[in-house]
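An overview of the molecular structure
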Amino acid sequence: DSINVFAPATVANVACGFDIFGLAVDNPGDEVIVRKRNDDKIIIEKITGDDGKLTLDPTKNTVSVPIIKYLSQIDSKQGFDIVLNKKMPLGSGLGSSSASSVAGVFAVNKLLNSPLETKELLPFAMEGERIACGSAHADNVAPALLGGFVVIRSYAPLDFFQIPTPENLFVTIVHPDIEVNTKDARHILKNEVSMKKAISQMGNVGGMIAGLMSSDYSLIGRSMVDFIIEPIRSILIPQFFEVKMAATDAGALGCSISGAGPSIFAFSEGKETAEKVEKAMKQQFEKVGIHTNSYVSAIN
Ligand code: HSE
């Protein structure tokens, strides 16, 4: 009565879709092992890979909060032991907290013989996001849960859908060794957007969806422009514009901040180009002494 679940890293926003676009990659990802107990307690037995930063208090950890809400919703008194193996950096813009939230609630639902459908788990996973950064956005948890590229059409009521992506579209993610707190990165954003920027952004959102669905790589690249969030958040990431330039010079279709940053992602047509782009982006960070981890992956 135990299960081992992997939940992938995710790239949220995908340039123009703040809080509404997210995609899942093959790696990295978190691993969660959940075991049924003989009582009603929820215990976080062990966390690895977090340098001791995450709490073992089940009412405060993103892996267990969704589980507690889920069990209360389905009226279950079953207890569980949880082991969380963090296999991606925290505060990186890779959806680290979301991966844990998704893996936890998915594991428990499976162990209870799936009383809820996978997509019905999303609101519970979003509660993990609320604990992590004060806002229950779904653009990391939805792709971590469902896979692929997900669009959140509406938050109230919650309405989301998956769209197909081109087979040969690869994602390069470079994570510089600095930490950006998502709460802070949301706090610095403005509450209002000019009509001019809203129009440009809507054009790109439409272009991105159409480009992905029709495998039009050039349209995808042209739509990877963010007039609203990137100009503000990029100040939190040293070398942002230089790294972006290095990516496009190396052949990327486009490049932007992954989630709240500091990771930067690029899209490329073909794995070989994505790897070239990876090298160029890393080199640019390393020129100024910033160490990086990097990943090249399909959308999955
Ligand atoms: N859409 C979110 C943001 C993703 O950009 O703040 C990060 O969790």
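Residues numbered from 1 in each chain as written. Predicted model: local features only at pLDDT ≥ 70, side-chain atom pairs only at ≥ 80, totals over all residues. Heavy atoms only, no water.

**A few points about the site of the ligand**
Convention followed: We call a residue near a molecule or strand whenever a single non-hydrogen atom of that residue lies within 4 Å of it. Definition of a polar contact: a pair of N or O atoms within 3.5 Å, with one able to donate and the other able to accept a hydrogen when the atoms are protein atoms, and with sequence-neighbouring residues admitted only if both atoms are side-chain atoms. The accessible surface values rely on the Shrake-Rupley method and a 1.4 Å probe; as for residues, cover is taken only from the protein chains in view. Note on residue classes: Ala, Val, Leu, Ile, Met, Phe, Trp, Tyr, Cys and Pro are nonpolar, Asp, Glu, Lys and Arg are charged, and everything else, Gly too, is polar.
Taken together, A12, N13, F18, D19, H137, D139, N140, T182, R186, R233, G259 and A260 make up the full set of residues near the ligand. At 2.5 Å from a nitrogen atom of the ligand is found a side-chain nitrogen or oxygen belonging to D19. Out of a free accessible area of 260 Å², the ligand has 95% covered by protein chains. The residue makeup of the shell around the ligand, split by class, is 3 nonpolar, 5 polar and 4 charged.

**A look at the pairing of strand β7 (residues 169–176)**
Within a regular beta strand, the side chains point alternately toward one face of the sheet and then the other, so they alternate between its two faces. Put simply, the rule reads: Burial status follows relative accessibility: with a 1.4 Å probe on protein chains alone, a residue under 20% of its type maximum counts as buried, one over 50% as exposed, and anything between as partly exposed. Only DSSP runs of H or I with at least four residues qualify as helices, and only runs of E with at least two residues qualify as strands; both kinds are numbered from the N terminus onward. For two strands to be treated as a pair, DSSP must find at least two bridges joining them.
When you tally the buried positions in β7, you get 8 out of 8 residues, the bulk of the element. Residues L169, V171, I173 and H175 of β7 are buried on one face, and the alternating residues F170, T172, V174 and P176, pointing to the opposite face, are buried as well. Sheet topology places β7 next to strand β9 (residues 264–269); 6 bridges connect them, and they run antiparallel. Paired with V174 across the two strands is I264, which belongs to β9. The pairing of β7 with strand β10 (residues 292–298) spans 7 bridges and is classified as antiparallel. By the bridge assignment for β10, V174 is matched with S294.

**A few points about the nonpolar core**
Convention followed: Residues enter a nonpolar core if they are buried and are Ala, Val, Leu, Ile, Met, Phe, Trp, Tyr or Cys, with the set joined through side-chain atoms within 4.5 Å. In what follows, a contact means two residues having at least one pair of non-hydrogen atoms within 4.5 Å.
Ranked by size, the top nonpolar core spans 65 residues in total, and within it V14, F21, L23, Y70, V171, M208 and F267 carry the most contacts. What V14 contacts, discounting residues up to four positions off in sequence, is F21, G22, L23, F149, M208, F265 and F267. Judged by nonpolar contacts, the second largest core, of 14 residues, contains F240, V243, A266 and F285.

**Section: the packing of helix α2 (residues 96–111) against helix α3 (residues 122–133)**
For clarity, the cut-off: A fitted line through C-alpha atoms serves as each axis, taken over the contacting stretch for helices, and the angle formed by two N-to-C directions is quoted from 0 to 180°. In this scheme the handedness of a crossing depends on how the near helix is turned from the far one: anticlockwise by less than a right angle means left-handed, clockwise means right-handed.
Interhelical geometry of α2 versus α3 gives an angle of 145° and a closest axis separation of 8 Å. The two elements α2 and α3 meet at a crossing, and its hand is right-handed. Every residue of α3 that contacts α2 at S97, S98, S101, V102 and V105 is listed here: F124, A125, G128, E129 and A132. Residues that form the contact of α2 with α3 fall into these classes: 5 nonpolar, 4 polar and 1 charged.

**Some words on the confidence of the model for the chain**
As a reminder of what qualifies: Confidence scores here are pLDDT values: one per residue, from the predictor, ranging 0 to 100.
Summing up the model confidence of the chain, the mean pLDDT is 96 and the portion of residues at 70 or higher is 100%. In the predicted assembly, ipTM is 0.98 and pTM is 0.96.

**Topic: the environment of T182**
The topology assignment puts T182 in helix α5 (residues 182–187). What makes T182 partly exposed here is its relative accessible area of 26%. Along the sequence, T182 and A298 sit 116 residues apart, while their C-alpha atoms lie 25 Å from each other. In this structure T182 touches C133 and A260, once residues within four positions along its chain are discounted.

**Focus on a nonpolar patch on the surface**
Stated formally: Like charges within 9 Å and nonpolar side chains (Val, Leu, Ile, Met, Phe, Trp, Tyr) within 5 Å are joined into patches, using only residues over 30% in relative accessible area that form no salt bridge. In what follows, salt bridge is the name for a side-chain nitrogen of Lys or Arg lying within 4 Å of a carboxyl oxygen of Asp or Glu.
Residues I188, I235 and L236 make up a contiguous nonpolar surface patch of about 280 Å² in total accessible area. Structurally, I188 can be placed in the loop between α5 and α6 (195–213).

**So, the packing of aromatic side chains**
Put simply, the rule is: In summary, the pairing rule links any two rings of Phe, Tyr or Trp, Trp by its six-membered ring, whose centres are within 6.5 Å, and it sorts them by plane angle into stacked for under 30 degrees, edge-to-face for over 60 and tilted for everything else.
Within the structure shown, the criterion is met by 4 aromatic pairs. Ring centres of F21 and F149 lie 5.2 Å apart, and the angle between their planes is 65°; on these two criteria the pair is classed as edge-to-face. With a gap of 128 residues between them, F21 in strand β2 (residues 21–36) and F149 in strand β5 (residues 149–155) connect regions that are remote in the sequence. Among the residues examined, F149 registers a relative accessible area of 0% and is labelled buried. Seen in terms of ring centroids, F265 and F267 are 5.5 Å apart; in terms of plane orientation they differ by 75°. Their pairing is edge-to-face. Per residue, the accessibility class of F265 equals that of F267, and both read buried.

**Some thoughts on the pattern of salt bridges**
In the structure shown here, the tally under the stated rule is 13 salt bridges. Two residues, D30 and K86, come together in a salt bridge whose shortest N-O distance is 2.5 Å. In this pair, D30 is assigned in strand β2 and K86 in the loop between β4 (80–85) and α2, connecting sequence segments 56 residues apart. An identical accessibility class is assigned to D30 and K86; each is buried. Ionic pairing is found between E117 and K119, a salt bridge with its closest N-O pair at 3.2 Å. Judged by relative accessible area, which is 48%, E117 ranks as partly exposed. The exposure class of K119 is partly exposed, given its relative accessible area of 46%. Ionic contacts of the salt-bridge type, sharing partners, join the residues R35, R37, D39, E45 and D81 into one network.

**Quick look at the sheet that holds β9**
Strand order in the open sheet formed by 4 strands is β8-β9-β7-β10, with antiparallel pairing between adjacent strands. In this open sheet, the two edge strands, each paired with only one partner strand, are β8 (254–257) and β10. The average undirected angle you get between the axes of adjacent strands in this sheet is 20°. Running over the sheet, helix α9 (residues 240–249) touches β8 and β9 and is turned about 155° from β8.

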